[in-house]
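Listed below are the residues making up each chain.
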Amino acid sequence: MQSAHKIGSLLFCPQCGTLLSAPTDDGPTVECEQCHHLEPTSSYENIEIVTHSHPDAFPSALRQKRKTQTKVHQGKVLPKVSEKCPACGYMEAYYEEKQMRSADEGSTILYTCVSCKHGWRVNN
Ligand SMILES: [Zn+2]
Ligand SMILES: [Zn+2]
């Protein structure tokens, strides 16, 4: 019995040259889709999988170039208003006004409790 042709990590049918699919756990053979030649999966076991890793492919300077990101603190300082928090009863909340898409809807006031960070909104 002819054994399959090996090219790299691929096996080709010795009868018709079709690329054989990788072996599954279904059985001891791999069937050629073209000519139904049965190739024992043991043929796959001796395949040396050559990995073409070139560590020099990437210049070390490029690899070491890391983006040094300075963290910019974007903490927006919101105005505080005296509004009672519905969650904890604290009398101060951050105030933010959001304009709604249509004029009919008006705007929405977003409050965030200074004390417990509970957020709620009030429609104008
Ligand atoms: Zn075949
Ligand atoms: Zn609160």
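Every chain's residues receive numbers from 1 upward, in the order its sequence appears when written. Written order decides the labels, with chains lettered from A and ligands numbered from 1. Selection of residues for local features in this predicted model requires a pLDDT of at least 70, selection of side-chain atom pairs for listing and counting requires 80 or more, and totals for whole chains, interfaces and linings are taken over all residues. Hydrogens and water molecules were not included; the side-chain quantities draw on all heavy atoms of the structure.

Chemist: I would appreciate a short explanation of the coordination of the zinc ion (ligand 1) in the present structure.
Modeler: Each donor-metal-donor angle in an ideal tetrahedron of four donors is 109.5 degrees, and each such angle in an ideal octahedron of six donors is either 90 or 180 degrees. Of the protein atoms, only Cys13 (SG), Cys16 (SG), Cys32 (SG) and Cys35 (SG) coordinate the zinc ion (ligand 1), at distances of 2.2 to 2.3 Å. Atoms of type N, O and S within 2.8 Å of a metal are treated as its donors, and for Na, K and Ca the window is 3.2 Å; water is not considered, so some sites may appear to be missing partners. Every angle between 85 and 135 degrees makes a four-donor site tetrahedral, while opposite donors more than 155 degrees apart, with all other angles between 65 and 115, make a four-donor site square planar and a six-donor site octahedral; other sites are irregular. Of note is the zinc ion (ligand 1), whose four donor atoms meet at the metal with angles of 99 to 117° in an arrangement that counts as tetrahedral. Here the donor residues for the zinc ion (ligand 1) map to a single chain with the spacing C-x2-C-x15-C-x2-C. One end of the pair, Cys16, is in the loop between β2 (10-12) and β3 (29-31); the other, Cys32, is in the loop between β3 and β4 (38-40), and 16 residues separate them in sequence. Partly exposed describes any residue whose relative accessible area lies between the buried limit of under 20% and the exposed limit of over 50%, with all areas from a 1.4 Å probe on protein chains only and scaled to the type maximum. Look at Cys32 and you get buried, because its relative accessible area is 1%. Working definition: helices are DSSP H or I runs of at least four residues, strands are E runs of at least two. Numbering for both runs from the N terminus.

Chemist: When you look at the environment of Gln15 in this model, what are you seeing that I'm missing?
Modeler: Along the chain, Gln15 turns up in the loop between β2 and β3. Taking the C-alpha atoms as reference points, Gln15 and Gln34, separated by 19 residues in sequence, lie 9.3 Å from one another. Contacts were defined at the residue level, with two residues in contact if any of their heavy atoms lie within 4.5 Å. The contacts of Gln15, once residues within four sequence positions are left out, are Gln2, Cys35 and His37.

Chemist: How should the coordination of the zinc ion (ligand 2) be read in this particular structure?
Modeler: Here the zinc ion (ligand 2) is held by Cys85 (SG), Cys88 (SG), Cys113 (SG) and Cys116 (SG), and the distances to it run 2.2 to 2.3 Å. Here the zinc ion (ligand 2) is ringed by four donor atoms whose angles at the metal span 105 to 115°, and the overall shape comes out tetrahedral. Taken in sequence order, the residues that donate to the zinc ion (ligand 2) follow the motif C-x2-C-x24-C-x2-C. Pair noted here: Cys85 is in the loop between β5 (80-81) and β6 (93-99) and Cys116 is in the loop between β7 (107-113) and β8 (119-123), with a separation of 31 residues, a long-range link.

Chemist: What is the right way to look at the sheet that holds β8 in this model?
Modeler: Hydrogen bonding along the main chain pairs the strands of a sheet, whether they run parallel or antiparallel. Strands are treated as partners if at least two bridges between them are detected by DSSP. Strand order across the open sheet formed by four strands is β5-β6-β7-β8, with antiparallel pairing between neighbours. Each of the sheet's edge strands pairs with one partner strand only, and the pair in question is β5 and β8. Bridging between β7 and β8 involves five bridges; their strand directions are antiparallel. Bridged to Thr108 within β8 is Asn123.

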